[in-house]
Amino acid sequence: MINKSLFFICTLVTTCFHAQDISDAVHFSDQSIKGTARYRAMSGAFGALGADLSALQTNPAGSAVFLNSSASVTLSSQRIENETSYFNTFNTTKERDLNFNQLGAVFVYNNLDAEFPINRISLGVAYDQTASNVDEFYVSGNSRNSIDSYFLSQAQGIEVGTLTVQPRESIEGVYSFLGENQGYGAQQAFLGYESFVIDAVDPDDPNSTRYVSNIAGGPDGFDQFYIKESTGLNGKFTLNAGLQLHTNFYLGINLNSHFLNYDRVTQFTEFNNNAGSNINEVRFNNRLSTNGSGFSAQIGGIAKLSDQLRVGLALESPTWYYISDETLQEIETYSDADGRALVRPNVVNIFPEYQLRTPAKATGSIAWLFGTRGLLSLDYSYKDYSTTEFDSDEGVSYTQINQGIENSLQGASTLRVGGEWRNGNWSFRGGLRYEESPYKDDRLLSEKQGYSLGLGYTFRKVRFDAAYDHTSQDRSQQFYPGSEFINQTLITTKEEQFIFTVSFNL
């Protein structure tokens, strides 16, 4: 039976050690619409175009460009390849995922009274996936640093009597007590102490607060392995309203309800044969489960400057999320002299609910239309990631992580270019996109580059679209962010998707 421990703790608990950190805040702030195949084939450059169910997620005025009521549904197949580098050892991991990207409909009401300024009203409802949390990578290599530093740094200053399981006490009980009264860091010290990774300088003195490692260094270093697997997705449900003023102006508004689901499992393993080392093997497993819901709004407009030229502007508010985290841990060690030790508290730590405010976004767009034969479109977006902020109604202070966000993140621009050429019932499409890094130090997360291709076929009131989308990005991943164990891996991520959409007039 798994116990649940609810405790209210300092910001270090929820940001530095196996709950959320700055990288997760950046990930949850990414609201790139996965979208329809037509939208993806043109790399999402739809801000001045509209007439696509995913285009209204870029600019809400896009719904009023529809001439008829329409609906669409989209399915995608995703393939992620992660190449890792860790102390000159390289590994490659591949993962596949299948999802419904999009589902929605727009209902158009045309006004036949030529003297009335509103020519058309549109009402839309849509679901769009905004991010995939499916990820996996494998790391191996030989390091001079041991994971013992992670536990040592947490234990220093804590009385050894607090970390000791007394008669009539249990591992589960002490682990829960520490979480409720001293926080997550004390729990990490407890795991290290009970598994013999660390020991007190004076174990006979219950008031002793100094610790040493039972893992010795040596010329052969430490063989280390790290696996991360995550699942889940982020998405939003949208209610849209748009209107056409006269014949050249379109306005729209979106009200968005967001959700996120993120489950992450990490497994760290370390081996050593160093002389004088009392512990020769460590296995440290962690599970994180994150769920949240949020709200945002968008407004936008499109203007026809001529029969060939259109411009668009859209503003998206921050998303205000309410998020909850749960963690589960265990550690196992092996000693050549004393055998194995397993510390499995079977306690789920439930952290206080907190809020995350993601950045606002502004998008400017321009499109050139070549009659009925084709078009070329460009979108520019700006988002200031340094305005991302954590908060809490539970009295938890997030001053430290918010200061870290302000110091580490920056405003980032995104440029998307797309084109379409029509020949009879066939349409041929392509696009490019470039996204700046949200980090001031782009070694933590590089810019993202991508390209896309696609085609469509219209048969009476039905259109079939297909697209291929490819992106690449580099990042560095610290195994335990914010801890004294600073080891990290370099990762190159290549993502490709095949997208299929069926659209039809109602």
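Residues numbered from 1 in each chain as written. Predicted model: local features only at pLDDT ≥ 70, side-chain atom pairs only at ≥ 80, totals over all residues. Heavy atoms only, no water.

**Q** Outline the pairing of strand 13 (residues 320–335), supporting the account with residue identities and numerical values.
**A** Pairing analysis gives 15 bridges linking strand 11 (residues 281–304) to strand 13, with the strands arranged antiparallel. Across the sheet, Ser289 pairs through a bridge with Glu326, a residue of strand 13. Relative to strand 16 (residues 354–357), strand 13 runs antiparallel, the two sharing four bridges. Along strand 16, the bridge assignment pairs Ile323 with Tyr354. Bridge count for strand 13 against strand 15 (residues 347–350) is two bridges, and the pairing is antiparallel. The partner of Glu326 across the bridge, within strand 15, is Ile350. (Pairing = 2+ DSSP bridges. Helix = DSSP H or I, 4+ residues; strand = E, 2+ residues; numbered from the N terminus.)

**Q** I'd like a description of the environment of Leu260, backed by residues and values.
**A** Mapped onto the elements, Leu260 comes out in strand 10 (residues 249–271). Take Leu260: its relative accessible area is 3%, and that puts it in the buried class. Separated by 30 residues in sequence, Leu260 and Thr290 place their C-alpha atoms 7.7 Å apart. If we skip the residues at most four places from it in the chain, Leu260 touches Phe28, Leu233, Asn234, Thr290, Asn291, Gly292, Tyr321 and Ile323. (Buried < 20%, exposed > 50% of the residue type's maximum accessible area, 1.4 Å probe, protein only. Contact = heavy atoms within 4.5 Å.)

**Q** I'd love a proper account of helix 9 (residues 399–408), names of residues and values included.
**A** All of the buried residues along helix 9 are Ile401, Asn402, Gly404 and Ile405. Mapping the buried residues of helix 9 onto a view down its axis gives an arc of 155°, with all of them on the same face. (Arc of directions from axis to C-beta.)

**Q** Describe the pairing of strand 20 (residues 411–423), listing the residues and the values that go with them.
**A** Note that strand 18 (residues 374–384) and strand 20 share eleven bridges and pair antiparallel. The partner of Ser381 across the bridge, within strand 20, is Thr414. One ladder, built from ten bridges, connects strand 20 with strand 21 (residues 426–435); its direction is antiparallel. Each bridged residue has a counterpart across the sheet, and for Arg422 the counterpart in strand 21 is Ser427. If you look at the hairpin formed by strand 20 and strand 21, you'll find two residues sitting between the two strands, and Gly424 has a positive phi there, around 65°.

Geometric descriptors of this kind do not, in isolation, establish any biological role.
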